[in-house]
Amino acid sequence: MRPSRRDFVTWVAASGIMLAMSRIGAAQAAGFDASQTLPGPAASRLPGATTGRIDALAKVTGAKLYASDFRAADMEGWPATTAHALLLRAADATHVFTGLDLSALDAGARPTQVVTAQDLERAGVRVPPFYAGDLLCPAGKTPLYLGQPLALLLFETFDAYDRARAILREKAPAQFGAETGPVAEPNYAALRFTRVAGDAPGAPDVYSPLIEGWISPGVFEPGGRPVWQPLPTSEGGQYKKGAIHGEAIRAFIAAGGAPDMLVLDRRFRTQSVDPMFLEPEGGLAWYDPQAKALRMVLGVQSPFEASEELAHLLGAAAAGFRPERIESHFAHLGGGFGGRDHTPFPFYVALAAMFLPGRPIRLAHDRFQQFQGGIKRHAFDMHTQVAFERATGRMRAFAADHVLDGGGLANYSASVAAVSATSAIGIYDIPKVDVTTLAEHTRGVTAGSMRGYGVLQTTTALETLVDEAAQALSMDPITLRRRNLLKAGDLTMTGNPWTVSIRTPEILDKLETHALWRGRDAARKAAPAGTLVGTGVAVCAKDYGTGADCSLGRVEVDPQGRIRIFCDAVEMGNGIGTAVANRVAGLLGRRADAVSVARIDAFDELGLVTSGDPYTLTQSEQDAAARNPRWVPAISSATSASIGAHVGTQAAAEAARLIFRFGLWPAALSLWGIAQDDPRRFLWQEAFWFDDALILSGLPPLQQEKVAARAHEVGGLTGAMAHAFSRWAWAQAAFPLDGFEWVVDLDALAVRRGGGAFKVLDRSFIAFPPASYNRIGTSFTSSCGTLVKVEIEKASGAVRVSQAYSVLECGEVLTPEVVVGQAQGGFAMGLGYALLETLPPFEDGPGNGRWNLGDYVVARGSDLPLHALEVEVLPRVAPNEPPKGMAEVVMIPVVPAILNAIHDATGHRFRALPVTPDDVRRVL
């Protein structure tokens, strides 16, 4: 059954609550189903159809697409009037919270209801484990962190809500008593990554995380800091072996004062920043007590996770607070950047509705509230040491210590710590590496997932150090980088190779021959009076994927050749709908007439089940579970970790490939009159689409419409829904199709023939990637290099980026305009991070509720080289190279390139961000 306006397909049952999930689209006069798909019936055909975004018209004409756009009157079947909720947060995390004083609110601004921690306890609300902590701080406790929610105020009218919001911004209602100091909590992660390569090229590693597993120390100081040294105790177990190797590497570096070795020992500090997505978090919910249904409109990067966690939240609640059904409708996002991946915001939307039953209610942050409560980028303190061989410039050893400020809740701090550590040596081949990383709990606003995911911070330190070494060794910076590059087959610091094409040599060649680099000396000498000019370079690789990534895709072709696509990936400005449409178009000859993203309700026939944690699952557990043909390691992923092009389009692409092979291709053979014994029957991979026609050498072109019509006539495959899973490689399974046991990069499949219903196929063989791949670190990477020219005004210290060039690679380019747009947006974010944006960590920072864009400066058009930013995208290495993730990598080298350019202009190296005009003026 397809979802209708009021009745959505049941997906799963969790905690006894039925979950139904859908994506919401433009709320216009058209029916709900019609409004939630783009681009609509006017979709054009190949080849010109792939040149624009399918959501462009809706966005530029102001259609309602985003969660914050919607009110109850926009939702058919809902009561027409919207109530409003206000979330109060703590601006103090060192004193006991004693309660609220709302006496400043006059009669016209008083809430209908105030929801406190005591009310949540009475309602029997459970906090999902990922979000462990008090959803609302109870009176009598010190808030765990700045920005911790204290209470929900519920208002029947917008006027009351708006008046209260303005009043309470000026007169904070939270009351505090005795000073306790910050709440002490365990830190989130302490990990050590050590690798010792074999004595000869190609020799097995002596020690690596891939061989020995990830390790953590077993002994901690009273304040929670780990004791990294190997101690003569049984505590720490396997840690001791790795620590002994690590300390030997550090001793080798410490002894590097010999004439044949250059050792750089530096400290770096990077700041906390806000993701600054265009649309602050918002949501709409209605609890219908008659139907016992909670209906929600949300904008998140992780729809499946949000729905499951909402069921956990209310699954054991008391009568009146436990819906029998939750319907979650998912909207486009006005920017994500990781900040809406596993956000607790939907919980508060749901709770507002449950405590004001019968009334649709809206909870939406303004920018003050988003600064105070939204997830932030981790601030890093880094101590980095690198030993270079003077004669060759080769890096012989590397050691680093990272400390991350994770803020008040764990969120993704442990993961960011691991990724930043395992990426600490960037694109380079270094035989001895030892990195420790500590993710701390503090009273700051919670830090979590954000574009760059820790690699931004560690690459900034590394790439500025490489430039410093080049100067000390009197070597060209690009030459030094080239001599140390990780090549195909070489091992990363976790002990595994990258399993994709490595394009950094080409990127360095492009940078080296670019006019901006070749003319850097002349530009410096030609600087006008009062101005300094410098040019900087940086190169990086960034992983994409998490090691447990999923893709759901459903593709249908009707008798007129029209194509409809459903996928679970989320549109957040990343162009995923356009990407999946273009990838399918190359296989089925026409761009989709209807693409619906963030759809996790359209795959019921697959009957998927899962169990365990895909990151910690053992091989025996995986083998046992895989005997169930409906079992997969995970059902749906968040749209994060740059997985849109590579993962988000995978299931739909494989579904389209099957439709072509077992539907359109047999239909074409029938139209061509090719007999069963004709060997041309097996040339399906040589056929291709051009100008709305299927071409095979020596045969007349066939119009796509006619091929689709014949496929329906003969009962060929006209629809497929699929699930794919990747753990640094795709799961592969065989399915019975037309007499073949057909092997595909999928683990679940249902098909439709002619105009019939979808029927699930049992896999006859399954090969999930080994569970041991969980300890690899990362295997998928894309690369980017950046050149930047800066002009610095001596009198003021103001730094202006006047020209830039970025070159990147991303495998198959699905939508060229989106790739270039991501690179331009990444450049703007990198510039803001290097020169403009910063958030103090504690009471002076965003947790005090006073921050807005008057204080927080982001890059504007006037800060950017709008007409002098060149972006070059390398062509893929082979026709079958798949898409790579590139949304993060394009930001990362911008930051160290700017720092290296500032050094080229001033002779001073900055090791703390952002670099402000005052900082520059002081050194000048």
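From a predicted model like this one, the values you see are computed outputs, not experimental measurements.

**Q** Could you give an account of the sheet that holds strand E30 (residues 765-767), naming the residues involved and the relevant values?
**A** Reading across from one edge, E27-E26-E30 is the order of the three strands in this open sheet, with antiparallel pairing throughout. Each edge of the open sheet is held by one strand with a lone partner, namely strand E27 (740-744) and E30. Here the average twist between neighbouring strands, direction ignored, is 25°.

**Q** Can you lay out the sheet that holds strand E21 (residues 594-596) for me, pointing to particular residues and giving the numbers?
**A** With mixed pairing, seven strands are arranged side by side in an open sheet as E3-E21-E20-E19-E25-E28-E29. The open sheet is flanked by strand E3 (38-39) and strand E29 (759-761), the only strands paired with a single partner. When E3 meets E21, the two strands line up antiparallel, connected through two bridges. Residue pairing across strands places leucine 38 opposite valine 595, the latter belonging to E21. Against the sheet, helix H16 (residues 576-588) touches strand E19 (549-557), strand E20 (563-567) and E21, its axis set at about 135° to E20.

**Q** I'd like a rundown of the pairing of strand E7 (residues 149-155), residues and numbers included.
**A** When you tally the buried positions in E7, you get seven out of seven residues, the bulk of the element. Two strands pair when backbone bridges link them, and strand E4 (residues 83-89) and E7 are joined in this way by six bridges, in the antiparallel orientation. By the bridge assignment, leucine 87 is partnered in E7 with leucine 152. As paired elements, strand E6 (residues 113-115) and E7 share three bridges and run antiparallel to each other.

**Q** Explain helix H21 (residues 816-835) to me, using residue names and the numbers behind them.
**A** Because the α-helix completes a turn every 3.6 residues, residues three or four places apart line up on one side. Its 20 residues place the ends of H21 29 Å apart at the C-alpha level, agreeing with the 28 Å of an ideal helix rising 1.5 Å per residue. Buried residues dominate H21, accounting for 14 of its 20 residues.

**Q** Describe in detail empty space enclosed by the protein, supporting the description with residues and values.
**A** Applying the stated criterion across every chain, the model contains 10 cavities of 30 Å³ or more. Roughly 150 Å³ of internal volume is contained in the largest cavity. For the lining of the largest cavity, the element with the highest residue contribution is strand E18 (residues 531-543), accounting for three residues. Residues belonging to the lining of the largest cavity are distributed by class as follows: seven nonpolar, nine polar and two charged.

**Q** Quick rundown of the state of the cysteines? Include the residues and the values.
**A** Simply put, the disulfide is a covalent bond whose two ends are the sulfur atoms of two cysteines. All chains considered together, the criterion is met by zero disulfides. Of the cysteine sulfurs around cysteine 540, a residue in no disulfide, the closest is that of cysteine 784, at 6.0 Å. For the unlinked cysteine cysteine 550, the closest cysteine sulfur is that of cysteine 567, found at 14 Å.

**Q** Kindly report on the packing of aromatic side chains, identifying the contributing residues and their values.
**A** Remark: the centre distance and the inter-plane angle together describe each pair of aromatic rings, the angle taken between the planes. All chains considered together, the criterion is met by 22 aromatic pairs. Ring plane angle 90° and centroid distance 5.0 Å describe the contact between phenylalanine 662 and tryptophan 742, whose orientation is recorded as edge-to-face. In this pair, phenylalanine 662 is assigned in helix H19 (residues 650-672) and tryptophan 742 in strand E27, connecting sequence segments 80 residues apart. The class of tryptophan 742 is buried, set by a relative accessible area of 19%. Put simply, the rings of Phe130, Tyr131, Phe347, Tyr412 and Tyr453 pair up and form one aromatic cluster.

**Q** Quick one: what's the story with the layout of surface pockets, residue by residue and with numbers?
**A** It is the rolling of a water-molecule-sized probe over the atoms that shows where space remains empty. Here the second largest pocket defines a volume of roughly 860 Å³. Taken together, 23 residues line the second largest pocket, and the ones lying closest to its centre are Gly586, Leu587, Arg657, Glu812 and Arg876. With four residues, H16 is the largest single contributor of residues to the lining of the second largest pocket. Taken together, the residues of the lining of the second largest pocket sort by class into 13 nonpolar, five polar and five charged.

About the thresholds
- Residues numbered from 1 in each chain as written.
- Predicted model: local features only at pLDDT ≥ 70, side-chain atom pairs only at ≥ 80, totals over all residues.
- Heavy atoms only, no water.
- Pairing = 2+ DSSP bridges.
- Helix = DSSP H or I, 4+ residues; strand = E, 2+ residues; numbered from the N terminus.
- Axes fitted to C-alpha atoms, helices over the stretch in contact; angles between N-to-C directions.
- Contact = heavy atoms within 4.5 Å.
- Buried < 20%, exposed > 50% of the residue type's maximum accessible area, 1.4 Å probe, protein only.
- Expected span 1.5 Å × (residues − 1).
- 1 Å grid on protein atoms, 1.4 Å probe; cavity = no way out; pocket = protein on both sides within 12 Å on 5 of 7 lines; lining within 4 Å.
- Points joined across faces, edges and corners; volume = space filled by probe spheres on them.
- Nonpolar A, V, L, I, M, F, W, Y, C, P; charged D, E, K, R; others polar.
- Disulfide = S-S within 2.5 Å.
- Phe/Tyr/Trp six-rings, centres within 6.5 Å; stacked < 30°, edge-to-face > 60°.

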